[in-house]
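Examination of the molecular architecture
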Amino acid sequence: MDAVLDAARKNDAKHVNEVFIEIGELTALNPDQLKFIFETISAGTVAEGAKYNMEVIKPLISCKKCGYNGAIEFFEKLHFFLPVIRCPKCGDADIDIIAGRECCVKKIKIS
Ligand SMILES: [Zn+2]
């Protein structure tokens, strides 16, 4: 939210119309919940009444063992713990997470 208001200020925005946000699936954030939070805290700011577009980013990994690059499937949906992520090809847990952990404001539309 700070990022949105910051950008709005820098661009002399009178009003923020739309906000585009990317949420990685691995952050375990609920887009609807997040939207509600944004709407609540933007009340009284230039972003009041803005439309929030949430895009959920699917996780991507890179396996250090077999070189697999790509998407993963969650075998268990855990809401309180982050699941152990394993390579779908060789089953090794020695992987790098390329995408899926982001939570960022991609762009905003102002007037
Ligand atoms: Zn692998």
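Note: the structure precedes this text.
Residues numbered from 1 in each chain as written. Predicted model: local features only at pLDDT ≥ 70, side-chain atom pairs only at ≥ 80, totals over all residues. Heavy atoms only, no water.

Coordination of the zinc ion by the protein is provided by Cys63 (SG), Cys66 (SG), Cys87 (SG) and Cys90 (SG), with metal-donor distances spanning 2.3 Å. Here the zinc ion binds four donor atoms, and the angle range of 106 to 114° at the metal identifies the geometry as tetrahedral. Here the donor residues of the zinc ion are spaced in sequence according to C-x2-C-x20-C-x2-C. Cys63 sits in the buried class, given a relative accessible area of 4%. On the basis of relative accessible area, Cys66 is assigned to the partly exposed category, the value being 34%. (Donors = N, O, S within 2.8 Å, 3.2 Å for Na, K, Ca; no water. Tetrahedral: all angles 85-135°; square planar, octahedral: opposite > 155°, others 65-115°. Buried < 20%, exposed > 50% of the residue type's maximum accessible area, 1.4 Å probe, protein only.)

The sheet built from three strands is open, its strands ordered S2-S1-S6 with mixed pairing. With one partner strand each, in any of the chains shown, strand S2 (51-57) and strand S6 (103-110) form the two edges of the open sheet. This sheet shows a mean twist of 15° between the axes of neighbouring strands, independent of strand direction. Where strand S1 (residues 16-24) lies against S2, seven bridges are found, and the strand directions are parallel. Across the sheet, Ile23 pairs through a bridge with Val56, a residue of S2. With respect to the sheet, helix H1 (residues 2-10) is in contact with S1 and S6, its orientation differing from that of S6 by roughly 35°. On the sheet, helix H2 (residues 31-41) packs against S1, S2 and S6 and is oriented at approximately 150° with respect to S2. (Pairing = 2+ DSSP bridges. Helix = DSSP H or I, 4+ residues; strand = E, 2+ residues; numbered from the N terminus. Axes fitted to C-alpha atoms, helices over the stretch in contact; angles between N-to-C directions. Contact = heavy atoms within 4.5 Å.)

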